[in-house]
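Okay, here's what each chain looks like letter by letter:
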Amino acid sequence: GSFANSRICPVRAGAAIVRDVRAWHSGTPNVSTKTRFLPSIEFTSNHFREWCRANKKFLDRFPKNNKLPRTLYDEMSPEIQELCSKVVAPEGKDISPDIASY
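Bear in mind that the values here come from a model prediction, so they are computed numbers and not experimental data. (Residues numbered from 1 in each chain as written. Predicted model: local features only at pLDDT ≥ 70, side-chain atom pairs only at ≥ 80, totals over all residues. Heavy atoms only, no water.)

S.K.: Help me understand the overall build of the protein chain in this model?
M.R.: Assigned secondary structure in the protein chain consists of 3 helices and 0 strands. Taken from N to C terminus, the helices and strands of the protein chain fall in the order α-α-α. The 102 residues of the protein chain split such that 12% are buried. Counting only contacts in the protein chain whose residues sit at least 6 apart along the sequence, the fraction spanning at least 24 positions is 18%. (Helix = DSSP H or I, 4+ residues; strand = E, 2+ residues; numbered from the N terminus. Buried < 20%, exposed > 50% of the residue type's maximum accessible area, 1.4 Å probe, protein only. Contact = heavy atoms within 4.5 Å.)

Given below as structure tokens:
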């Protein structure tokens, strides 16, 4: 594809980028000898997730399993726990980080 309309958005280490998951995106090549990590948290509305399932698109992109470790959830304030209640792992389920490639 053409990158004529591409934009490079440099950010400082530790910064966050918020974007719509439906936008086309890519990264720049890593020309250093160091590994470059890109932790990612993706959020979607229930409406979009259900649309994807109904239309058989991105089926593995929005799994139903909850990935927020209970240990982290337990350290959150009640207000933040309420916001995260739909994504916290079940009691007693050990969640370890995984790497997904799409």
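S.K.: Just to check I follow, could you spell out the pattern of salt bridges for this structure?
M.R.: Side chains bearing opposite charge may pair, as long as their charged atoms lie close to each other. As enumerated under the stated definition, the model contains 1 salt bridge in all. The partner of Glu 91 in a salt bridge is Arg 70, and the shortest N-O contact between them spans 3.8 Å. Here Arg 70 lies in helix H2 (residues 70-75) and Glu 91 lies in the segment after helix H3 (78-84), a separation of 21 residues in the sequence. (Salt bridge = Lys/Arg side-chain N within 4 Å of Asp/Glu carboxyl O.)

S.K.: Would you mind going over the side chain of Gln 81 with me for this structure?
M.R.: The residue Gln 81 is located in helix H3 in this model. Contact partners of Gln 81, with chain neighbours within four places excluded, come to Tyr 73, Asp 74 and Met 76.

S.K.: Please clarify how the confidence of the model for the protein chain should be interpreted in this entry.
M.R.: The predicted coordinates ought not to be read in detail in places where the model reports low pLDDT. On average, residues of the protein chain score 75 in pLDDT, and 74% of them reach the 70 mark or higher. Per-residue pLDDT, averaged within each element of the protein chain, yields its smallest value for helix H1 (residues 46-54) (79) and its largest for H2 (89). (pLDDT = per-residue confidence, 0-100.)

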